[in-house]
Amino acid sequence: MIKMIEAIRSEIAKVVVGQEKMIDGLLIGLLCEGHILIEGIPGLAKTTTVKALAQTLGLDFKRVQFTPDLLPSDILGAEVYDPQNNQFKIKKGPVFTNLLLSDEINRAPAKVQSALLEAMQERQVTLSDESFELSSPFLVMATQNPIENEGVYPLPEAQLDRFMLKIKVGYNSADEELLIARRIASKSAEPIHAVVNSEVLHQLQEAVKNVHIDEEVERYMITLVRATREPEAFGLESIKRYIQFGASPRVSIDMFKAVRAVAFLKGKDFVTPSDIASIVKDLMRHRIVLSYEAEAEGIDVDTLIEQIVTAVPIP
Amino acid sequence: MKQSLGKVLLVCVWMVVSVNAAQYQWSVLKAPKELHVGEGAIVRYQCLFENSAGDYTVEFKPKNSQQYKASMVTQDDHVRNEKRILTFDVFVTPIMSGDITVNLDALIRHTTFASIEDASIGRDNVRKYDFNDEKAILPSVKITSMANTANLSGEVTLQVSVDKVKVRAHEPVHLSLYIRGHGNLDQFIPYDLNISGVKDFSEPAYKELTLNEDGYEGEIRQEFALVAEKSYVIPPFSLSVFDTKSHTNKVFRSQGIAIEVEKGYVADNLLDAPALSNKNAWKRYGVYVFFVLLGVVLSEVARWLWMHRPRRKSKVFWDTASTEKELSVLLSLRADARYRDVIQMLDAGSLTLSEAKKKLRSFMRDNEEKR
């Protein structure tokens, strides 16, 4: 099984240099059927990576560029009049796919972002008075640019909570950047081949579900999530005022899935606390609502998560 | 008819002036009968108005004559029982013997009604104040002035002092002469000093005197700087004073002061120290060089000590880990691919805590060296 993962990695590596953390995050989302929000400044290969992943998997892939004038029907579809048959017929939107890349999701207004809510959570879309099941697997991979304030619409908390992971993409190392520049200059990118089909993907997902989590580790994860709601119970009175709302139960559910995938990607069949620590920030950073004091004092949510993980006893 | 009308108007004007004009009377309240020449005394005049006389100004400036000197000491102006009373104390000093008569006058100025009205209304195209002036002749005072041969009159002391009595040639001796007391000290004539073979440098006599009812009171100071090549004697100073207390002549005489003048400084002693020899200069430069080199050596030693000072090991984020699991979690939180191997080995139990930290430290050192 791990060979399949390596094959996917090597295919993506044909077009994407470095960014292992983002690729791991996308694979975790894929293996757990969780939606992924990727945040990073322009030019860090966010869109390229998602496209490469879709090509590698041989799955149906659609891309929607979110713009301020986008309408919900542009994503979901609509009932349109067919003059030949004198009937209305359903025209399905780009959401009917396996991998939906929502590029620059925060450029569209809230009504468009909310249109994705039903699709992301229930994996179905209701058009007119008819509900349509989305194909499996269905993954939303959204990108957003954190540096612009004008003409952007921050995602509502309810929608953020539906993303399993929020991955922050950083700059490549100097060596990686040199390789990227050389590759682009020589136009030597190799074509990407589909190395996994939906059947194999299904097998991989099943294999992930079989990764064992010890009961103590399970309790550790629940404790971590609860510690974001009541940090004072773990001797973290100082950070209580910085957290307005802690992580929701969806974090616990997603953490149980994601840590299995993390262990699986490492070639293990059991979960250790280090697996949890490696994914906990991606799981929680978009789901903890900071208070005004935290905003005013410039407190970073990642720092708070680190403090929580450090304070909770490790089994 | 016209003449009759003019007379009536004149009578009216005279009546108005008579009603408005205030009556006043000068008198002498105090005056000496006899004085010696140079002996001063107070003559007190009083001007008594019959009402408050607010629109009157009295200008009384005593003038000297050939027979006497007159100076204003004090003047008082107050209203009592709605009557204005002005009192003047004039210090009169006879300057010649015989019967003298003190005749003084004052100017009585009456502010005109028109000028008061102008000032009240604020007219600015007229003189602000205008007066009707009237010269008042004060009552005469007769004084018998008796002859006096003394230079000064009053109660006076004489003091003479020098700062040293033994000096080298060309070194100055400071002579100070003080006359203190009261009387006609304003008439003091400074001494001239003329000693053979002595150069004297003197400043004008300094008089610090104030006029009061005892005359001029205070101090007169005369200072001399005397320079000579040979010993000399400062002659005695004498001062003839008519003592106003005992009414007798007194002569104050200071002692003569002998000043011993020694041989003066020779030219060699007055010149600056001769320049150092070349040998001394080289020695001095050597000392400078030594100190510069010493400074360099000391600064190098200080720098070496600073560089090799015992430093506390900088804390790294994984230092707090006390178990392998804690270390593994801390490293995983960083999500840094460089720690992946260490995390895997820690999870697999193939690396102890101390081994892992050692490995991380060497890893950090390598990174720093690469940088």
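Predicted model, so just to flag it, every value in this text is computed and none were measured. (Residues numbered from 1 in each chain as written. Chains lettered and ligands numbered in written order. Predicted model: local features only at pLDDT ≥ 70, side-chain atom pairs only at ≥ 80, totals over all residues. Heavy atoms only, no water.)

## As for the overall build of chain A
Then, in step 1: What chain A contains, in helices and strands, is 14 helices and 11 strands.
Then, in step 2: Buried residues in chain A amount to 50% of all 315 residues.
Then, in step 3: Counting only contacts in chain A whose residues sit at least 6 apart along the sequence, the fraction spanning at least 24 positions is 77%.
Then, in step 4: Of the accessible surface of chain A, which amounts to about 14800 Å², a share of 51% is contributed by carbon and sulfur atoms. (Helix = DSSP H or I, 4+ residues; strand = E, 2+ residues; numbered from the N terminus. Buried < 20%, exposed > 50% of the residue type's maximum accessible area, 1.4 Å probe, protein only. Contact = heavy atoms within 4.5 Å. Areas by Shrake-Rupley, 256 points an atom, 1.4 Å probe, with all protein chains shown as cover.)

## Side note on the overall build of chain B
Then, in step 1: Helix and strand counts for chain B stand at 7 helices and 20 strands.
Then, in step 2: For chain B, buried positions account for 31% of its 371 residues.
Then, in step 3: If you take every contact in chain B between residues at least 6 apart in sequence, the share linking residues at least 24 apart comes to 67%.

## What about the interface of chain A and chain B?
Then, in step 1: At the junction of the two partners, chain A supplies 16 residues and chain B supplies 13 residues.
Then, in step 2: Summed over both partners, the interface of chain A with chain B buries about 1200 Å², with 62% contributed by carbon and sulfur atoms.
Then, in step 3: For the side of chain A that touches chain B, the elements supplying multiple residues, two or more each, are α2 (20-32), α12 (273-284) and α14 (301-311) of chain A.
Then, in step 4: Residue composition of the side of chain A that touches chain B, by class: 7 nonpolar, 4 polar and 5 charged. (Buried area = accessible area lost by both parts, 1.4 Å probe. Nonpolar A, V, L, I, M, F, W, Y, C, P; charged D, E, K, R; others polar.)

## Observations concerning the confidence of the model for chain B
Residues and elements named next belong to chain B.
Then, in step 1: Looking at chain B, the pLDDT average stands at 85 and 88% of residues meet or exceed 70.
Then, in step 2: In this model residues 10-19 is a low-confidence stretch, pLDDT under 50, and it forms 0 contacts with partners more than four residues away in sequence or in other chains.
Then, in step 3: This complex was scored by the predictor with a pTM of 0.53 and an ipTM of 0.78. (pLDDT = per-residue confidence, 0-100.)

## Section: the sheet that holds strand β1 (residues 35-39) of chain A
All names here are of chain A.
Then, in step 1: Spatial strand order, β2-β5-β8-β1-β9: 5 strands in an open sheet with parallel pairing. Each of the sheet's edge strands pairs with one partner strand only, and the pair in question is β2 (61-65) and β9 (163-168). Across the sheet, the mean angle separating the axes of adjacent strands is 15° when strand polarity is ignored.
Then, in step 2: With 4 bridges connecting them, β1 and strand β8 (residues 139-144) associate as parallel partners. Across the sheet, residue E39 finds its bridge partner in β8, namely Q144. (Pairing = 2+ DSSP bridges. Axes fitted to C-alpha atoms, helices over the stretch in contact; angles between N-to-C directions.)

## Things to note about the environment of L134 of chain A
All names here are of chain A.
Then, in step 1: As for its placement among the helices and strands, L134 is situated in the loop between β7 (130-133) and β8.
Then, in step 2: When the C-alpha atoms of L134 and R123 are compared, they prove to be 5.5 Å apart, with 11 residues separating the residues in sequence.
Then, in step 3: If we ignore the near neighbours within four places in the chain, the residues touching L134 are V95, F96, A119, R123, Q124 and V125.

## Some remarks on the side chain of N148 of chain B
All names here are of chain B.
Then, in step 1: Of note, N148 is situated in the loop between β10 (141-146) and β11 (152-162).
Then, in step 2: Among the polar contacts listed, one links the side chain of N148 to the backbone oxygen of V37, at a separation of 2.7 Å.
Then, in step 3: Within the local environment of N148, its side chain forms a polar contact with the side chain of S153, the two groups lying 3.1 Å apart.
Then, in step 4: When residues no more than four places from it in sequence are discounted, the contact partners of N148 are H36, V37, S153, F242 and N249. (Polar contact = N/O pair within 3.5 Å; in protein donor to acceptor, adjacent residues only side chain to side chain.)

## Focus: the sheet that holds strand β17 (residues 232-234) of chain B
Residues and elements named next belong to chain B.
Then, in step 1: Read across the sheet, 3 strands follow the order β12-β20-β17 without closing on themselves; strand pairing throughout is mixed. The open sheet has two edge strands with one neighbour each: β12 (166-168) and β17. When the angles between neighbouring strand axes are averaged without regard to direction, this sheet yields 30°.

## Considerations on the packing of aromatic side chains
Then, in step 1: As enumerated under the stated definition, the model contains 13 aromatic pairs over all chains in all.
Then, in step 2: The side chain of R309 of chain B reaches across the aromatic face of W306 of chain B, ending 3.9 Å from its centre. (Phe/Tyr/Trp six-rings, centres within 6.5 Å; stacked < 30°, edge-to-face > 60°. Lys NZ or Arg CZ within 6 Å of the ring centre and 35° of its normal.)

## Considerations on the confidence of the model for chain A
Then, in step 1: The predicted model of chain A has a mean per-residue pLDDT of 85, with 98% of residues at 70 or higher.
Then, in step 2: Predicted confidence in chain A is weakest over helix α7 (residues 174-186) of chain A, with a mean pLDDT of 79, and strongest over helix α9 (residues 215-229) of chain A, with 91.

## Comments concerning the pairing of strand β19 (residues 248-253) of chain B
All names here are of chain B.
Then, in step 1: Judged from the 6 bridges that link them, strand β18 (residues 238-243) and β19 form a sheet pairing that is antiparallel. Within β19, the position partnered with F242 by the bridge is N249.
Then, in step 2: Taking the residues between adjacent antiparallel strands as the criterion, β18 and β19 are bridged by 4 residues, where H247 takes a positive phi near 55°.

## Looking at a nonpolar patch on the surface
Then, in step 1: On the surface, W282, Y285, V287, Y288, F290, F291, L294 and L298 of chain B cluster together to form a nonpolar patch covering roughly 890 Å² of accessible area.
Then, in step 2: Overall, the relative accessible area of 64% leaves W282 of chain B in the exposed class. (Patch = residues over 30% accessible without salt bridge, like charges linked within 9 Å, V, L, I, M, F, W, Y side chains within 5 Å. Salt bridge = Lys/Arg side-chain N within 4 Å of Asp/Glu carboxyl O.)

## Side note on the nonpolar core
Then, in step 1: I28, L53, M255, I276 and M284 of chain A are the most contacted members of the largest nonpolar core, which has 76 residues in total.
Then, in step 2: If we ignore the near neighbours within four places in the chain, the residues touching L53 of chain A are I8, I12, L26, L27, L30, L99 and M141 of chain A.
Then, in step 3: Core analysis: the next-biggest nonpolar cluster, separate from the first, contains 27 residues, L152, I220, F224 and L239 of chain B among them. (Core = buried A, V, L, I, M, F, W, Y, C linked by side-chain atoms within 4.5 Å.)

## Examining the pattern of salt bridges
Then, in step 1: What the rule picks out here adds up to 34 salt bridges over all chains.
Then, in step 2: The shortest N-O distance in the salt bridge between E104 of chain A and R107 of chain A comes to 3.0 Å.
Then, in step 3: With relative accessibility at 19%, the residue R107 of chain A sits in the buried group.
Then, in step 4: Between R180 of chain B and E219 of chain B there is a salt bridge, with the nearest N and O atoms lying 2.7 Å from each other. Placement of R180 of chain B in strand β13 (residues 173-183) and of E219 of chain B in strand β16 (residues 215-228) is noted, with a sequence separation of 39 residues between them.
Then, in step 5: On the basis of relative accessibility, which here comes to 30%, the residue R180 of chain B falls in the partly exposed class.
Then, in step 6: Residue classification places E219 of chain B among the buried positions, given a relative accessible area of 19%.

## Quick notes on the packing of helix α1 (residues 2-12) of chain A against α2 of chain A
Residue and element names in this part refer to chain A.
Then, in step 1: Close contact between α1 and α2 brings their axes to 12 Å; oriented N to C, the two are set at 135°. The orientation of α1 with respect to α2, classified from their angle, is oblique. Crossing geometry of α1 relative to α2 is assigned as right-handed. Here I5, I8, R9 and I12 of α1 come into contact with α2, specifically with I23, D24, L27 and L31.
Then, in step 2: Grouping the constituent residues of the contact of α1 with α2 by class yields 6 nonpolar, no polar and 2 charged. (Parallel < 35°, antiparallel > 145°, perpendicular 65-115°, else oblique. Left-handed = near helix turned anticlockwise from the far one by under 90°.)

## Digging into α12 of chain A
Residue and element names in this part refer to chain A.
Then, in step 1: Its 12 residues give α12 an end-to-end C-alpha distance of 16 Å, which sits within 8% of 16 Å, the value for a rise of 1.5 Å per residue.
Then, in step 2: Taken across its 12 residues, α12 has 11 buried, putting it largely inside the fold.
Then, in step 3: All buried positions along α12 are accounted for by P273, S274, D275, I276, A277, I279, V280, K281, D282, L283 and M284. (Expected span 1.5 Å × (residues − 1).)

## Here's the deal with unusual backbone geometry
Then, in step 1: In the segment running from S136 of chain A into P137 of chain A, the intervening peptide bond is cis, with an omega of -5°.
Then, in step 2: With respect to the element layout, P137 of chain A can be found in the loop between β7 and β8.
Then, in step 3: Unlike most non-glycine residues, Q19 of chain A shows phi in positive territory, near 50°.
Then, in step 4: By the element assignment, Q19 of chain A lies in the loop between α1 and α2.
Then, in step 5: What makes Q19 of chain A buried here is its relative accessible area of 10%.
Then, in step 6: Backbone geometry at N81 of chain B places phi at a positive 50°, although glycine is not the residue there.
Then, in step 7: Take N81 of chain B: it is sitting in the loop between β5 (68-80) and β6 (83-94).

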